[in-house]
Amino acid sequence: MTIRTVVKNPNEILTRKTTKVTKFNQELSTLLEDMYDTMIDADGIGIAAPQVGVSLRVAIVDLGEGEEIIEMVNPEVLETEGLEVEVEGCLSFPELYGEVERPFSVRIKAQERDGTWYELEAEDYEARAILHEIDHLDGILFDSKIIRVVDPSELEPQEEDEFV
Ligand code: CO
């Protein structure tokens, strides 16, 4: 178990478009495991490789509560539907929360850590977390999409750890 340092804004690596993964090897598995440990340690529900200082197209979403851990290697958005405004936070922006408009549902394709392609459909907060992470992989940060900054005192208790 290795907890890596979370890269905080501002940092050039967070705004750089990541490189696609071509080697599905032990190094990739270790990266995914370290990202997971780092995310859990930071009370996050998602994390992207640039947030641990690695500019590769790799991200994880795990909403907890028995939901499956979603490992995304080279993810691409295939389709989105609807729009919804919800509060988001980000592990790279401590203390910043804001309302962001995103599609309500999403269909993506991505690879497993062994290179197998899969498709996934998600809705609501899971879709939001997936889209937030894919934005990270394109060097897009959530502060550029905030339509209203939310004071932490306005948050529902369970929202405080909805960092992605
Ligand atoms: Co984030």
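Residues numbered from 1 in each chain as written. Predicted model: local features only at pLDDT ≥ 70, side-chain atom pairs only at ≥ 80, totals over all residues. Heavy atoms only, no water.

(A) Inspection of the environment of Pro103 at higher detail. Summarising the element assignment, Pro103 is placed in the loop between β5 (93–102) and β6 (105–111). Between the alpha carbons of Pro103 and Glu123 there is a distance of 8.6 Å; along the sequence they are 20 residues apart. Sequence-distant contacts of Pro103, that is, excluding residues within four places in its chain, are made with Thr80, Glu81, Gly82, Leu83, Ala127 and Leu131. (Helix = DSSP H or I, 4+ residues; strand = E, 2+ residues; numbered from the N terminus. Contact = heavy atoms within 4.5 Å.)

(B) Representation of the sheet that holds strand β3 (residues 70–81) in the model. Read from one edge of the open sheet, five strands run β1-β2-β3-β6-β7, paired in antiparallel fashion. Looking at which strands have only one partner, the edges of the open sheet turn out to be β1 (46–48) and β7 (117–123). Neighbour-to-neighbour, the strand axes of this sheet turn through a mean angle of 35°, independent of strand direction. Bridge count between β6 and β7: seven bridges; the pairing is antiparallel. Residue pairing for β7: Ser105 is matched across the bridge by Glu123. Relative to strand β2 (residues 58–61), helix α1 (residues 26–41) is tilted by about 40°, and along the sheet it contacts β1, β2 and β3. (Pairing = 2+ DSSP bridges. Axes fitted to C-alpha atoms, helices over the stretch in contact; angles between N-to-C directions.)

(C) Here's a closer look at the packing of aromatic side chains. The full count for this structure, using the stated rule, is one aromatic pair. Ring geometry for Phe93 versus Phe142: centroids 5.4 Å apart, planes at 75°, classification edge-to-face. Taken together, the residues span a long stretch of sequence, with Phe93 in strand β5 and Phe142 in the loop between α2 (124–137) and β8 (146–149) at a distance of 49 residues. Summarising the burial analysis for this pair, Phe93 and Phe142 share the class buried. Lying across the ring of Trp117, Lys109 places its NZ or CZ 5.0 Å from the centre. (Phe/Tyr/Trp six-rings, centres within 6.5 Å; stacked < 30°, edge-to-face > 60°. Buried < 20%, exposed > 50% of the residue type's maximum accessible area, 1.4 Å probe, protein only. Lys NZ or Arg CZ within 6 Å of the ring centre and 35° of its normal.)

Note that all results are geometric; they support no functional claim without further evidence.
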